[in-house]
Structures are given as structure tokens and as C-alpha cells.
Amino acid sequence: MSGSQSAVGASVIVVGGGVTGLSAAWWLARSGVDVIVIEKNIVGWGASGRNGGGATHYHSPLFAEEQRLWPQMDDLLGYPTEYRSKRIRVAINERQMEAARPSVDRTLQQGFPARWLDAKEVRDLVPLAGESAVGGVFFDRAGQANPQRTVQAYAWALQDLGGKLLQHTEVVGFERVADKVTTVKTTNGNFACDQLLIAAGPQTGSLSRLLGREVPVTSARAEMIVTEPVPLMPIGGVDGNGLFGRQTLRGNLVYGGGPHEWLPEGSIDAERPSSPLSRSIAKRLVEMFPKAQHIRVIRSWGGIIENTPDGRPVIDHLPGASNVVVATMSSVGFGLSPASGHAICEMLLEGKCQFANLSDFQLSRFDNLSPGWREEWGWVPPQTLGAVGRAL
Ligand SMILES: Cc1cc2nc3c(=O)[nH]c(=O)nc-3n(C[C@H](O)[C@H](O)[C@H](O)COP(=O)(O)OP(=O)(O)OC[C@H]3O[C@@H](n4cnc5c(N)ncnc54)[C@H](O)[C@@H]3O)c2cc1C
């Protein structure tokens, strides 16, 4: 810590103990950097502990690194994430078959295997799929992991390397000297830093606003449902019919997928009782897995998805604050977290990501964004079941 005015602090302070902040902090600690993660709740309290566990983002510039890292993560972290490779997308009509084409093309273009399946092959590989399946796609490398296990693994691995974790501590402001943030103000005192990472999910917007340049991000509530366990299928990661999810090692089916409920700006209300969203997921799950119609739903939960206007992440230096990086992943942050943490670490230590071109994630693409973008996009409450969540 060079510019610090206080004895308490770290070379890098990370705001947000979700997978983005934790992974970045772990990569920094692996490089010998003194780092503190500050989390206002407990690690994984946001979307990071509540998501579908999918790790297949063929459309991202971080895809190759995502696919390279996941199979190694248990060994690198030293704790289990329950990562399993392979994924099948099931189509229950010709429109869904056609909609899968870009994912196949992009996967093949990047040198990863993907092959079309006919209806019989789908039924052989996915015993719960019935006569409704018209075909599908098999992705050999794409995969899925257990979100709660993964959050815990990052947090433990970080601490094993000497990184610090401060939970139940909210960041409420910053002090600056010229264009640098020198102090992070929290509900548990002030912390000095040389560099700052804001990886606060949906709250990345309001925190960056305090530093004079707001990252445009808005919140949407989504739900996941969990069934009682059923015999393990050969492939645990099966998507389709507008749903994403996985079968846990115990056998439960854990599924989510549109529609979203847009929330008022700044709202992080995930904790509503079960809603029409769960019913919509259950209905589409039975359409995809007709042989699962007798299985009971035993649980559901809500989570808040962070959304940028174009659906792509922001990972960038914050203009006007030369020692600050902002990172918000716009609904694809779990699977990309091994790679996003690596990228952020390089941005903080080397000035830019060395292994991928992240120009698509720059904040400057929103320079001309209208202040009323949420209203113009229709991303405002109330929103009911509509186009966003309708099955293809
Ligand atoms: C239901 C659901 C299903 C999803 N499925 C998938 C999927 O299958 N695959 C996939 O890749 N992605 C999925 N996502 C998206 C993914 O979960 C997120 O993109 C990812 O978790 C974002 O991680 P994060 O660390 O950037 O943000 P978050 O997980 O939101 O973490 C941010 C953290 O910052 C903390 N924080 C906020 N403000 C402050 C403050 N002032 N002071 C201190 N701490 C603060 C919050 O408490 C929170 O813990 C899903 C999301 C949901 C909700």
C-alpha cells in the first residue's frame, strides 16, 4: 500500500463478495497481492449463490478462457465446485432447433466440439425427455457447477492465500485525492487502498455514480425451482424450452429461465414468496421433460439479475478515477467467473487483459445512452409474463 493514509486497508479493495469479486480477489492473491473483499451481506448472497450454475458462454470473448479454466478449478482452488463438463440443449419444436444454430456455429468457430442430435439420440441421453423432443445439440466441453459450492471454494481459497474477507460490512462512500480513490468508507470504518475494484452486481451502478461515472445497470428478479431427486441422467446439464439449469449430484432438477420481473432502480428485493415465475418454469420443465410430470417441486428461490442495456458485461477502468476498475457481468457472471477474475486481475496489475480482447466490455459504448434508457427499453415495473419469457 503506497498512498494509504490509514494503517487499515489493502493494496486492492474489492467491493462485492459475489463470484466476480471473489474470483478477481483470488487471482490477485495468487499473484501475491494484498487484497480485502468487502461484502455487505455474506458471500454469495446476491445472484452468485442463487443461479443456475451454467458455464457455457460461447458468445463471450472470455469463452475460451472459461472453457480452459473450469476443468481445472477444483484443483486450482483446492475445494470442490462440482463442475461437470458436457451440455445438451433439447429442442421440442423446429423453431427451437433453428434457434440453437448460432450456439453451434459460434462453438465450432472457436474450436470446441458441438454436434446435432436427432430425437432418438436426445431420448437416449436425456431419459426424462419424451416424445416431445425433436432433436438437440451436444456440447462436449460446456458445463455446469454448483453455485454455493463455488462461492465457498473461492472464499476459502482466497483466505488460504492470505486474502481477507469482511462480511456484513457495507461500502457507503469513497474519499479521493485528485483522480485516485484512497479510502473506502464502510459501516465498519474506513479502509485505505491503492486500487479499487467495484464488483457489486446490480449495485455497481449506484457505487460508480458516487465516483462521477455511472455504470448503466438495472435489476430484474428471476426465480429457480428445485424438484425432489430423480435417478441421475447421463448428462447433468440439460437446457431447452427457454430454461437453463442442471441436475444436482443428488438428483434434484434445478431450473430457471425467464421471464424477468423488472425492479425499480436500486431495488434488490429478491425475497418475495413464490410467484407466477415459478409456475411458468415448472410448466416449461414438464414440456421439456414429459417423463418428469409426476415429480414434485420442493423449493424455489428468487435472485436478482444485473442487466446492462446491451446485455454484455462491463469490465473496464472507470473514467475519471484512474485506480478503479468496474465489473458487472449482465447475467452471465457465474460461468465466466474463473475467466472474468483472471481478466480483472490482469487489468489491475498490467493495465489490460492480456489473454482476450475485452473491447466489447468497455464503458464508452454507453457514452450516448439516453438517461431514460430503462423506460425506453421497457425495463421498468410492473412487468408481466411476456415476450421475454415465452418459450421459443
Ligand atoms: C436465478 C438466476 C439464474 C442465473 N443463472 C446463471 C447461469 O446459469 N450461468 C451464469 O453464468 N450466470 C447466471 N446468472 C447470473 C449470475 O448469477 C450473475 O451474473 C453473477 O452471479 C454476478 O456475480 P457478481 O459477483 O458480479 O454479482 P453479485 O452476485 O450480485 O454479487 C455482488 C455482491 O456485492 C455485494 N454488494 C453490493 N453493494 C455492496 C456495498 N455497497 N458494499 C458491500 N457489498 C456490496 C452484494 O451483497 C453481492 O453479494 C443467474 C442469475 C440468477 C439470479
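What counts and what doesn't
- Residues numbered from 1 in each chain as written.
- Predicted model: local features only at pLDDT ≥ 70, side-chain atom pairs only at ≥ 80, totals over all residues.
- Heavy atoms only, no water.
- pLDDT = per-residue confidence, 0-100.
- Contact = heavy atoms within 4.5 Å.
- Buried < 20%, exposed > 50% of the residue type's maximum accessible area, 1.4 Å probe, protein only.
- Helix = DSSP H or I, 4+ residues; strand = E, 2+ residues; numbered from the N terminus.
- Pairing = 2+ DSSP bridges.
- Core = buried A, V, L, I, M, F, W, Y, C linked by side-chain atoms within 4.5 Å.
- Domains from an automatic or database assignment.
- Buried area = accessible area lost by both parts, 1.4 Å probe.

A look at the confidence of the model for the protein
No. 1: Averaged over every residue, the pLDDT of the protein is 93; the share at 70 or more is 94%.
No. 2: Taken as a whole, residues 2–6 scores under 50 in pLDDT and shows 8 contacts with residues more than four places along the chain or in a different chain.
No. 3: This stretch, residues 384–392, has a pLDDT under 50; its non-local contacts, to residues over four places away or in other chains, come to 16 contacts.

Comments concerning the pairing of strand E9 (residues 180–186)
No. 1: Among the 7 residues that make up E9, 5 are buried, leaving the element largely enclosed by the rest of the structure.
No. 2: Summarising the sheet, strand E8 (residues 171–177) and E9 pair through 6 bridges and their orientation is antiparallel. Note that in E9 the partner of Val 171 across the bridge is Thr 186.
No. 3: The hairpin formed by E8 and E9 contains 2 residues between the paired strands, and Ala 178 there has a positive phi angle of roughly 55 degrees.
No. 4: Both E9 and strand E10 (residues 189–198) contribute to a ladder of 4 bridges, which runs antiparallel. Looking across to E10, one finds that Thr 186 is bridged to Gly 189.
No. 5: Counting the residues between successive antiparallel strands, the hairpin from E9 to E10 contains 2 residues.

As for the nonpolar core
No. 1: Ranked by internal contacts, the top residues of the largest apolar core, which has 48 residues, are Leu 22, Val 35, Leu 62, Leu 197, Ile 315 and Ile 344.
No. 2: Residue assignment for this core shows that the elements contributing at least two residues are strand E1 (9–15), helix H1 (19–30), strand E2 (35–38), helix H3 (73–77), helix H7 (147–160), strand E18 (324–328) and helix H10 (333–350).
No. 3: Here Leu 62 is in contact with Ile 315, Leu 336, Ala 339, Ser 340, Ala 343, Phe 355, Ala 356, Leu 358 and Phe 361, once residues within four sequence places are set aside.

Brief notes about the domain arrangement of the protein
No. 1: For the protein, the domain assignment lists domain 1 (9–52 + 148–216 + 311–361) and domain 2 (86–140 + 218–307).
No. 2: The interface of domain 1 with domain 2 comprises 16 residues on the first partner and 16 residues on the second.
No. 3: Carbon and sulfur atoms supply 51% of the area that domain 1 and domain 2 bury against each other, a total of about 1,200 Å² over both sides.
No. 4: By the criterion of area lost to domain 2, the three top residues of domain 1 are Arg 50, Gly 52 and Pro 202, representing 46% of everything that side buries.

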